[in-house]
Structures are given as C-alpha cells and as structure tokens.
Amino acid sequence: MKLIKKFLKEMIFLIGIKYIIYYLLFLIACYIMFSLQPFFIAKIYYNNKISYIYVCFFIFSFLSISILNYPNNQLLQKIRKCSKQVIWNNNKNKNYSFLSNINVGEFQNLIQEISFSSRSLQYESLQSMLKSIIVLLIYTFLLSKFNIILGFLYIFLYLTYIWISVFFLSGNKKEIRDVLNSSSAVNSFTIDFFRNIDTIFSKQTIELENENYKNLLLNEENKYFQLQRKIDNSHFILQFFITFITVFLFILSVNINKKNIDNSIIFILVYSIFNLNDFGKNFLAMLEHKDRLEYSLNKIGYFDENCKNHIFPLENMNSDTIVKFENVSFSYNIDKKNMKETFIINNLNLNIKNKEKILISGNNGTGKSTLAKLISNLLINQNGIIKYNYQYIQNSTDIVYYSQNMNLFDRTILENIIYPNKDFDLIKIKKLIKILNLDTLIKTENDLFQKKPGDFGKNFSGGEKQKILIIRSMLNPKPLIIYDEINSALDSKSLKAFYKLLSICLNNSTIILISHRQENINSFSKIIYLN
C-alpha cells in the first residue's frame, strides 16, 4: 500500500493538484444534482400543478452524469499519460544491471497494466465510491426532513450494508492474487515456449507442452470460477439484505405517516436500491485494481532500493591518476546455498592515468567487458574501492562507454551521429564520414538528414554501426572514453583510420579500448592482458 501511495502521489503532482481539486469539486456538484433526482421527480407534479422549475432541475440532474463524461475523459487521458511517465521517469534512478536485464516485452506489459489499473481506479472505483457516499448523505438528509428517526435508521442500516459488503469482499484478496498468479503463469509459459522452440522441436515435445499449457489453463479456469462463485454468493446475500432494508424502511415510513406518505420517500427508497446495489461489486473491482497495481509496481521495481543507482565515488587525488582500483572484486552470480561468490574480477588493483591510451586484451570470459563496465561506473563492485579523480572527472557524464552490442536508434543517421546533442558541425561530420570510409554508404545529405539505419537494408552492417558510434564519440569527447570491441567489425583500412583519429580528435581524453585485435598496438601507451 505504501508503494501505491507513493506512486499516486507522484502522479497527482504530475497532473496538477489544482486540476485535481477542480475536478473533484465538479464531480461532487454533479453527483449532488444526480442524488436529488427522486426529490425533483416528486416535486414536478405537486398539488395538481406542474412545476417547470423542478422539471428543469430534473432534466439537469438527469444529464449531470453525461456532462461528467467530458472532464472524466480529460482526466482519464492525463492518467494514461502521467502513469506511464511516472514509471519511465523512475528509470533514471535505476542502475545499469537492472535496466540491462529487463525483459522488454514484460516491461511493456507491466507499464500497460499499471496504466490500466490507474485509470480503472479513477474511472470506476473513485467515482463509484464518491457517488455512493454522496447518495447516502443526500438521501439521509432528505429522509431526516420528513422524520429524524427514519433518517437515522436509513443511514444506520445502509452503513451496515456497506460494512457487510466490505467484510464479505475483503476476504477475496487471496483469491484475487491466486487469479492474477494463474494468469501470470499462463503468460510466462507462452514466453517460455517460444524462447525454447528449438529445444521443443528437436525433442519433439510439442504434445507434452500442449498438455502443460492445458493444465495451466485448467488451473486458471478453476481459480476464476472459485473467485466468481464466492463473489456471486456474496452478491446474493447483499442483494437480499438491501431489499430487506428498503422494504423495512418503506413499511416504517407508512406507519409513521399513515394518512399521507410523501412520494419523495418512495422514490428515495427505490433509487437507493439502484444506486447502492453495485457498491459491493465496485468495491471488489477497486480491490482487484489496487492489487494489480501493487503487483505490477513491485514487479517493475518501482522505487526498489536494490535497483537504485549507487553514489558516484569522487575524490580529490593529488596525482595524475584519473581512475583507481583498490582490491576490486566483482561477481555476476552468488552461490546462495554455500554463500559463496565466483568472482570474475578478483582483488584487482589498477591505476589509470589521465590522457593514457590503454589496450585491454585477453581470451573470452576473462572479464574484459566486465572491467570496462566497472570503469564506466555501469556495474557495482561487491568488494574493494573504485575512485575517480575530481580534477579530471566532475560527474558520471564525464565517462562514456561504447560497445559493439550497442544498437542505433530508429532515427536519422544525423540524429544517431550527434546524439544526445542538437547542434552539429556539418563540415566536421562529413570529414569524419569520409575518413572512416562511410561515404560509400552515406553519399548525400539526404542520406544523412532523412534516412534511418533500416532504410539502407543489408548494406548497413555491423561495421557501419560501429563507425557511426565512433563518429559520435569524436564529436562529443569526454575525459574518459571506453570502447568495448568497437573495432571488431572494421576492415583494416577503417581500423587504421580509427586509431589515427584517437590521437587527433581525442588527444586530451583518456582512452581504454577492449579488443581482440592486435593490429597497430603501438598506438597505445599501455597494454593489459587479462587471463
């Protein structure tokens, strides 16, 4: 519940407190008019005369719910936008490890679920709860004008009805979670099936998987049936109770005023059944949407302390060292059973000096990329200390990491080259394109300004992608630049041009290159082999 409160608070601030207040005041005004319908109906024809004022009031009260659709729709779209924006904004607090391991499909589904649950809480739960409260208060006031005892009994009995509704339906929380878990199991199975389609076909186990899927669907059907049966039982009991209340109050009102019973009382009692009858169902829907929202927020790691970015460790060092490792260890996997860690980097001590050009090489699995990500402050070391010299690095944006695994945006070539900047030097860009032999692909300004990587089809290879990333790094130099196999797909001519650019364009930067390739290693002041 604490998580939901934090999320809703952020969303309300994003929408605007003033806007929410105006909306609630308008909502209350419309529901008050709607609640007065039975009173207006009774007064339309009174003492053998038609009151046109009450006719107008009745028409307005009848239209009040339809009028509400306009501000409701506007708020609904704001919630659709802001609920997604709150989750997306929260990504800036997430660390690299969490974001890089996200299942994109699941993340999209969770955002949609959070947005849907948020809208449902507003459009269904908030309105129905507020409507029930206003109806109850207005009808109590109107009945009290006829007889104070009748008004007191009315609110007492209907509050009892609401309490019983809450009591009956609050017990369904476990069943709701079981239903959500059963649906989640079906979705997870579907993802797992297509992930392992090669294994399933090679082992010829489609029939087995179909049987597993059938069992999951059967379990989902049973969970939904059990929940719905419990809801139907509760609804029947509540329906009987509300009917009993209405009949009892009607008989009481007739006995109180035997000579002439006011038509308003009859209309109020009849309207009570229609307007308060769905309270239990709406309350259950609110619980379900709340549980769905809470589950999705937890699943997506909303304000999870374990997913947060760590503090960037800056220190004033009276030396030319830009990055310093002291007994640094890092492990991806922890053996929880034996409480042991298998370190891929173990007790590493390393001094990287300002403006050094370092080549890091070694066999696969020796931790080259892990070391690059530790230097880049993307991964968090389990043991030891990593320090950055404040003389050269003021914040984490002064370090940039380029990897062969990076993808380009579905944007124009120019936007990919200058990212994240807006301004650019076209002459310099054209010069770099030519130096890296990219002019065989990007021949015209139309190719640069209008076309996206996908527009070039098969001609846009891994080498072309790496050249775009290299040009980006040359246009936006940083004090510390890490290249992780960024030259793996370059031809020998482009590789030579890349090394030459390192000394020309990035002479004032500290360069770390992770690479298997050993050509032109004389370009580097230090070479580190990992084993």
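Calculation notes
- Residues numbered from 1 in each chain as written.
- Predicted model: local features only at pLDDT ≥ 70, side-chain atom pairs only at ≥ 80, totals over all residues.
- Heavy atoms only, no water.
- Helix = DSSP H or I, 4+ residues; strand = E, 2+ residues; numbered from the N terminus.
- Rg over C-alpha atoms; globule rule 2.2 N^0.38 Å.
- Buried < 20%, exposed > 50% of the residue type's maximum accessible area, 1.4 Å probe, protein only.
- Salt bridge = Lys/Arg side-chain N within 4 Å of Asp/Glu carboxyl O.
- pLDDT = per-residue confidence, 0-100.
- Pairing = 2+ DSSP bridges.
- Axes fitted to C-alpha atoms, helices over the stretch in contact; angles between N-to-C directions.
- Contact = heavy atoms within 4.5 Å.
- Parallel < 35°, antiparallel > 145°, perpendicular 65-115°, else oblique.
- Expected span 1.5 Å × (residues − 1).
- Left-handed = near helix turned anticlockwise from the far one by under 90°.
- Nonpolar A, V, L, I, M, F, W, Y, C, P; charged D, E, K, R; others polar.
- Core = buried A, V, L, I, M, F, W, Y, C linked by side-chain atoms within 4.5 Å.
- Phe/Tyr/Trp six-rings, centres within 6.5 Å; stacked < 30°, edge-to-face > 60°.
- Lys NZ or Arg CZ within 6 Å of the ring centre and 35° of its normal.

Asker: Tell me what's going on with the overall build of the protein chain, and back it up with residues and numbers.
Answerer: Along the backbone of the protein chain there are 18 helices and 13 strands. For 531 residues, the compact-globule estimate of 2.2 N^0.38 gives 24 Å, and the C-alpha radius of gyration of the protein chain, at 34 Å, exceeds that figure by more than 25%. With respect to the principal axes defined by its C-alpha atoms, the protein chain has extents near 110 × 55 × 50 Å. For the protein chain, the residues scored as buried account for 43% of the 531 residues in total.

Asker: Could you give me a rundown of the pattern of salt bridges, with the residues and numbers involved?
Answerer: A complete count under the given rule lists 11 salt bridges for this structure. We note a salt bridge from glutamate 315 to lysine 387, for which the minimum N-O separation is 3.7 Å. Taken together, the positions of glutamate 315 in strand S3 (residues 314-315) and lysine 387 in strand S9 (residues 383-389) put the pair 72 residues apart, joining distant regions of the chain. Residue glutamate 315 is classed as partly exposed on the basis of its relative accessible area of 34%. In this structure, aspartate 491 and lysine 467 form a salt bridge, with 4.0 Å as the shortest nitrogen-oxygen distance. With aspartate 491 in the loop between strand S11 (480-484) and helix H18 (492-505) and lysine 467 in helix H17 (residues 462-475), the pair connects residues that are 24 residues apart, well separated along the chain.

Asker: Before we move on, can you summarise the confidence of the model for the protein chain with the specific residues and values?
Answerer: Do not read the predicted coordinates in detail wherever pLDDT is low. Here the protein chain averages 86 in pLDDT, and 96% of its residues register 70 or above. Mean pLDDT values over the elements of the protein chain span from 54, in strand S5 (residues 334-335), up to 95, in S11.

Asker: Run through the sheet that holds S11, naming residues and quoting values.
Answerer: Note: strands within a sheet are paired through backbone hydrogen bonds, in either parallel or antiparallel orientation. Taking strand neighbours across the sheet as the criterion, the five strands line up as S10-S11-S12-S8-S13 in an open arrangement whose pairing is parallel. Bordering the open sheet on either side are strand S10 (399-403) and strand S13 (526-530), each of which pairs with just one other strand. Put simply, the sheet's adjacent strands are angled 15° from each other on average, direction ignored. With respect to the sheet, H17 is in contact with S10 and S11, its orientation differing from that of S10 by roughly 165°.

Asker: Provide a residue-level description of the packing of helix H2 (residues 17-35) against helix H3 (residues 37-44), including the pertinent values.
Answerer: The interhelical angle for the contact between H2 and H3, taken along N-to-C directions, is 40°, at an axis separation of 5 Å. Looking at the two axes, H2 sits oblique to H3. Residue-level contacts link Met33, Phe34 and Ser35 of H2 to Gln37, Pro38 and Phe40 of H3.

Asker: Give me the environment of leucine 378: which residues, what numbers.
Answerer: You can see leucine 378 is positioned in the loop between helix H13 (368-375) and S9. Taking the C-alpha atoms as reference points, leucine 378 and asparagine 437, separated by 59 residues in sequence, lie 32 Å from one another.

Asker: Could you give me a rundown of the sheet that holds S3, with the residues and numbers involved?
Answerer: Read from one edge to the other, the open sheet built from four strands follows the order S3-S9-S4-S7, with strand pairing classed as mixed. Each edge of the sheet is formed by a strand with only one pairing partner; in this case those strands are S3 and strand S7 (345-353).

Asker: Which residues make up helix H1 (residues 2-15), and what values do they have?
Answerer: Over its 14 residues, H1 extends 20 Å from the first C-alpha to the last, a length consistent with the 20 Å expected when each residue adds 1.5 Å. Just downstream of H1, glycine 16 is the residue with a positive phi angle, here 120°.

Asker: An account of the packing of H1 against helix H4 (residues 52-89) is needed here, citing residue identities and associated values.
Answerer: One can describe the packing of H1 onto H4 by two numbers: an axis separation of 9 Å at closest approach and a directional angle of 120°. Taken as axis vectors, H1 and H4 run oblique relative to one another. Pair H1 / H4 crosses with right-handed handedness. Contacts between H1 and H4 involve Phe7, Glu10, Met11, Leu14 and Ile15 from the first element and Leu75, Lys78, Ile79, Cys82, Ser83, Gln85, Val86 and Ile87 from the second. Among the residues making up the contact of H1 with H4, the classes are represented as nine nonpolar, two polar and two charged.

Asker: Describe the nonpolar core, listing the residues and the values that go with them.
Answerer: Counting 63 residues, the largest nonpolar core has Phe7, Ile87, Tyr154, Tyr158 and Leu297 as the members making the most contacts within it. Among residues more than four places away in sequence, those in contact with leucine 297 are Leu3, Ile4, Phe7, Ile87, Ile114 and Tyr302.

Asker: Now, about unusual backbone geometry: what can you tell me, with residues and values included?
Answerer: A cis amide bond links tyrosine 419 with the next residue in sequence, proline 420, at an omega value of 5°. Structurally, the position occupied by proline 420 is in the loop between helix H14 (413-418) and helix H15 (426-435). Within the chain, asparagine 347 stands out as a residue other than glycine whose phi angle is a positive 50°. In this fold, asparagine 347 is placed in strand S7.

Asker: Give me the lowdown on the environment of asparagine 531, citing residues and values where you can.
Answerer: Position of asparagine 531 relative to the elements: it lies in the segment after S13. Residue class for asparagine 531 comes out exposed when judged on its relative accessible area of 88%. With 169 residues separating them along the chain, asparagine 531 and glycine 362 place their C-alpha atoms 6.1 Å apart.

Asker: Give me the lowdown on the packing of aromatic side chains, citing residues and values where you can.
Answerer: Counted under the stated rule, the structure contains 23 aromatic pairs. Residues phenylalanine 40 and phenylalanine 57 carry aromatic rings whose centres are separated by 5.3 Å and whose planes lie at 25° to one another, so their mutual orientation is stacked. Linking phenylalanine 40 in helix H3 with phenylalanine 57 in helix H4, this pair joins segments that are 17 residues apart in sequence. Judged by relative accessible area, which is 5%, phenylalanine 40 ranks as buried. With a centroid separation of 4.5 Å and an interplanar angle of 45°, the aromatic rings of phenylalanine 409 and tyrosine 419 are classed as tilted. In this pair, phenylalanine 409 sits in the loop between S10 and H14 while tyrosine 419 sits in the loop between H14 and H15, placing the two residues 10 residues apart along the sequence. On the basis of relative accessibility, which here comes to 30%, the residue phenylalanine 409 falls in the partly exposed class. The exposure class assigned to tyrosine 419 is partly exposed, which follows from its relative accessible area of 33%. An aromatic cluster is defined as three or more aromatic residues linked by ring pairs; in this entry it consists of Tyr402, Tyr483, Phe498, Tyr499 and Phe524. Positioned above the aromatic ring of tyrosine 19, the side-chain terminus of lysine 78 is 5.1 Å from the ring centre.

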